[in-house]
Every structure is written in C-alpha cells, then in structure tokens.
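Residues per chain are reported as follows:
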Amino acid sequence: MATKDAIQSELDGLNRTLASTELKNDSKNHDQILHDMHNLQRQLQKVQKEICPFEYVHQEAMAYIGSDRAIADITWSGSIFASSGGVAYFFWRAAYLSMCFSSRNKTVSRS
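Let us look at the structure shown here. (Residues numbered from 1 in each chain as written. Predicted model: local features only at pLDDT ≥ 70, side-chain atom pairs only at ≥ 80, totals over all residues. Heavy atoms only, no water.)

**Comments concerning the overall build of the chain**
Move 1: Scanning the chain for helices and strands turns up 3 helices and 3 strands.
Move 2: Mapped from its N terminus to its C terminus, the chain presents α and β elements in the order α-α-β-β-β-α.
Move 3: Looking at the 111 residues of the chain, the share that counts as buried comes to 18%.
Move 4: Sequence-distant contacts in the chain: of pairs separated by 6 or more residues, those separated by 24 or more amount to 30%.
Move 5: Here the chain has roughly 9,300 Å² of accessible surface; of this, 54% comes from carbon and sulfur atoms. (Helix = DSSP H or I, 4+ residues; strand = E, 2+ residues; numbered from the N terminus. Buried < 20%, exposed > 50% of the residue type's maximum accessible area, 1.4 Å probe, protein only. Contact = heavy atoms within 4.5 Å. Areas by Shrake-Rupley, 256 points an atom, 1.4 Å probe, with all protein chains shown as cover.)

**Re the packing of aromatic side chains**
Each aromatic ring pair is characterised by the separation of its centres together with the angle its planes make.
Move 1: Applying the stated criterion to the full structure yields 5 aromatic pairs.
Move 2: Centre to centre, the rings of Y64 and W92 are 5.1 Å apart; their planes meet at 20 degrees, and the pair counts as stacked. Taken together, the residues Y64 in strand 1 (residues 61-66) and W92 in helix 3 (residues 86-100) connect sequence positions 28 residues apart.
Move 3: A relative accessible area of 17% places W92 in the buried class. (Phe/Tyr/Trp six-rings, centres within 6.5 Å; stacked < 30°, edge-to-face > 60°.)

**Description of the pairing of strand 2 (residues 69-76)**
Move 1: Pairing geometry for strand 1 and strand 2, over 5 bridges, is antiparallel. Across the sheet, residue G66 finds its bridge partner in strand 2, namely R69.
Move 2: Where strand 1 folds back on strand 2, the antiparallel hairpin that results is connected by 2 residues, among which S67 adopts a positive phi of roughly 55 degrees.
Move 3: Bridging between strand 2 and strand 3 (residues 79-85) involves 7 bridges; their strand directions are antiparallel. Within strand 3, the position partnered with I71 by the bridge is S84.
Move 4: The turn linking strand 2 back onto strand 3 is made up of 2 residues, and S77 within it adopts a positive phi angle of 55 degrees. (Pairing = 2+ DSSP bridges.)

Written out as structure tokens, the structure reads:
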C-alpha cells in the first residue's frame, strides 16, 4: 500500500506541474512530464494487480490444559466444532501420538 500511495502522490505532483501555466509553452518539458506520467501509471497498474484482499482461513487449534483435559477447535464439513474436556483430550492425544510416531521422524540406520 505504501508503494501505491507513493506512486499516486508522484502522479498528482506531475499532474499539478503539467497544469501550471509555465510549462504550457515549453513542449520539451511537457512531453517529458507526459512520458513520466505514463510510466508511473503503468507502475501503479502493476502494483494494484499484486495487491489482493486479506482472506482469513481458520486453522484448527488444539491444546492440552492438564488433568487429562484439552480444548479443540476443529473445522468439520465447513462448520467449526469446538469441544473441551475428556473427548477433546483423547482427540488431542491421538493427534499428538500420530505426530510422534510418523514416518518422517524415523531415521535410517546404516550398518
């Protein structure tokens, strides 16, 4: 956004300069300002294409809170399922153990 604002302020300044009466008789400066304005407009269009709106994507959350209890916030079929207590603890424990014993953690022994 800062780049877009900087380019826009430069364009505004060149536009004011172009509109001034001093440059209307000087065609060389007039053409240079028009060329600079064209380049800045192309840069502005490029920057505006790169800017996309923020879109929030909810990631699941699980936390162990002690005494065999946990909380879980899980997206299921497009809706968010929130749970706490023993059921969430067993779900958290299953996810935790599956991460501990995954194939990515195995090392290859070389004999």
